[in-house]
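For reference, the chains in residue letters:
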Amino acid sequence: MALQIYNTLTRQKEEFVPLHEGFVGIYVCGPTVYDDAHIGHGKTYVNFDVIVRYLRYKGYRVRYVQNITDVGHLLDTGEDRILKGARRERVEPMELVETYTRRYFEDMDRLNVQRPNISPRASGHIPEQIELVKRLLEKGYAYEVNGNVYFEVSKWPEYGKLSGRKVEELKEGARVEVREEKRHPADFALWKRAEPEHIMRWPSPWGEGYPGWHVECSVMSTKYLGQPFDIHGGGVENKFPHHECEIAQSEAAYGVPFCRYWLHNGMLMIRGEEMHKSLGNMITLRQAFAQYDPLAIRFFILGGHYRSQLDFTDEAMQAADKGLQRILGTVRAVRERMRSAGSADEADEADAGVLTMLDGIRVRFEEAMDDDFNTAQAVAVLFDLGREVNTLLNSGQPLSGATLAAIDALYRRLGGDVLGIVPEQLPEEAGVGLTDELVRILIEMRAEARQKKDWATADAIRDRLAAIGIALEDGPEGTRWRLAR
RNA sequence: GGCGACGUAGCCAAGUGGCAAGGCAAGGGUCUGCAAAACCCUCAUUCGCCGGUUCGAAUCCGGCCGUCGCCUCCA
């Protein structure tokens, strides 16, 4: 079945057909690196991470570009976010940028978000941005006033096609303070003159200044992906004006479409409210990691559709944590059985019935993901797989190494490669070695106690291990241990 | 004020014309020395409310109520 994608530009699901067969170019608006990433960033980049992973699973070669904004993104006070952050921490602007860029990637790594192929920085693409502004001036779509260059929205009739807004309506009710020098309130800055105290500045044909925020995305997406390119992603809150401006600039400058499929993901809410500094409900990823397993946060995010809003609450997170443990519990059991089965089973064959079941799961999983990346549905399929596998594991019937390997491979493929929630190595597996050996000694001692029906000793061992986060589970094939959070 | 999204069980959340996925929680059972894990069963005659279209609607249309987002250079 073909992949269907909801295109915000056309407001409908469309079959995805890339520009060049076998290759997908995708650009996603990245963070402005002036502070730690919060769980809202987590949702956005996990959402797009899975989209990219699935495209790769489908066999496409994907080039994923995600910018790092390190200049030109202003606060409503007109202050540059980077400069403000640098002043706050008394460091050079680029020092601040470096710090938070690194921290951003560290946070994303913990969420198991694969890094983009290219993470271009706005400050590293100033000449290209000046080039675009020049071109817009030459073609008559922009005008310069006092060292500032603005895009003239009224010259571009298609302005508003993404967000469904009309330029005439923008005048009304807008809270934008209208700068006198603009010809129309909706005109937006392509280049800004640097005031004397503004230290991030570059020479340009219009004097010393810095680029407007929207320009970097137009420039860096097409520089690495061409124009037009396949997919542009970002949070809904950037649909207008950011994305609208990107389209206008790029299409006015080059006369060809900018991007073919627009994807917008829904925002993350905190107990029903938008996360906002002024509401004091901001949760950084680092804070969240202190309380929850990063993979559980990822799993929580995948429990909803990427286009929907998602409400972050303690209860919902706990449910997600439990749910993930359930899935990983099955994976752990399969891998343990593989290990204890040994590698000696040459000539063994996978059970045909099991293979058929696995194939059915794979098909249902793909159907869910093909339908506009329905991860919630895909996760449900994984739960169904878990029930089947657990039943198989408990049935007492012998399972060949090949059968177990096929099950494990499917988990790695769907749960690992695509959803990114099944690790290559579970924590217990990583800790094999000393921890495993120590725990096994205790398990043996406990087994002896149990044999003598010395329940007090047996339970004491179990309780004390539980107290340090190691859970013991007695089964027909002996006792297993796992890390319990 | 303008534009848009959503409202599904105690909670989270899929489903967009044919008798309501999945997870968490809860109750019962199997297994266990007791647990844990796992499995089985139960858990929305109903999808904010009121109308309409249809043989048939959670799904389409209209109205109302409620929540949220954008119009502020927040992912």
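For the structure, check the block above.
Note that the structure is predicted; figures quoted are calculated from it, not measured.

Colleague: Tell me about the pattern of salt bridges, and please be specific about residues and values.
Modeller: Enumeration according to the criterion identifies 35 salt bridges in this entry. Note that R286 is salt-bridged to E106, the shortest N-O span being 2.9 Å. Residue R286 is located in helix α8 (residues 285-291), and its partner E106 is located in helix α3 (residues 93-110); the two are separated by 180 residues in the primary sequence. You can call E106 partly exposed: its relative accessible area is 40%.

Colleague: So what's going on with the sheet that holds strand β8 (residues 209-211)? Which residues, and what values?
Modeller: Pairing in this open sheet of four strands is antiparallel, and the strands run β5-β6-β7-β8 from one edge to the other. Every interior strand has two partners, whereas the edge strands, β5 (142-145) and β8, have only one. Each strand axis lies, on average, 20° off the axis of its neighbour in the sheet, ignoring direction. As paired strands, strand β7 (residues 188-193) and β8 are joined by three bridges and run antiparallel to one another. Note that in β8 the partner of W191 across the bridge is P211. Here helix α4 (residues 126-138) sits on the sheet in contact with β5, β6 (148-151), β7 and β8, set at roughly 120° to β7.

Colleague: Summarise the packing of helix α11 (residues 352-370) against helix α13 (residues 401-418); cite the residues concerned and give the values.
Modeller: Look at α11 against α13: their axes get within 10 Å of each other, and the N-to-C directions meet at 10°. Comparing the axis directions of α11 and α13 gives the class roughly parallel. In this structure, α11 contributes V354, L355, L358, I361, R362, F365 and M369 to the contact, and α13 contributes T403, A406, I407, L410, L414 and V418. Its residues assigned to classes, the contact of α11 with α13 shows eleven nonpolar, one polar and one charged.

Colleague: For the packing of helix α1 (residues 39-57) against helix α9 (residues 294-302), give the residues involved together with the corresponding values.
Modeller: Taken N-terminus to C-terminus, the directions of α1 and α9 make an angle of 75°; their axes are 10 Å apart at the nearest point. What the angle tells us is that α1 and α9 run roughly perpendicular. Residues G42, K43, V46, N47, D49, V50 and R53 of α1 lie in contact with α9, whose contacting residues are R298, I301 and L302. A per-class count over the contact of α1 with α9 returns four nonpolar, two polar and four charged.

Cut-offs and rules
- Residues numbered from 1 in each chain as written.
- Chains lettered and ligands numbered in written order.
- Predicted model: local features only at pLDDT ≥ 70, side-chain atom pairs only at ≥ 80, totals over all residues.
- Heavy atoms only, no water.
- Salt bridge = Lys/Arg side-chain N within 4 Å of Asp/Glu carboxyl O.
- Helix = DSSP H or I, 4+ residues; strand = E, 2+ residues; numbered from the N terminus.
- Buried < 20%, exposed > 50% of the residue type's maximum accessible area, 1.4 Å probe, protein only.
- Pairing = 2+ DSSP bridges.
- Axes fitted to C-alpha atoms, helices over the stretch in contact; angles between N-to-C directions.
- Contact = heavy atoms within 4.5 Å.
- Parallel < 35°, antiparallel > 145°, perpendicular 65-115°, else oblique.
- Nonpolar A, V, L, I, M, F, W, Y, C, P; charged D, E, K, R; others polar.

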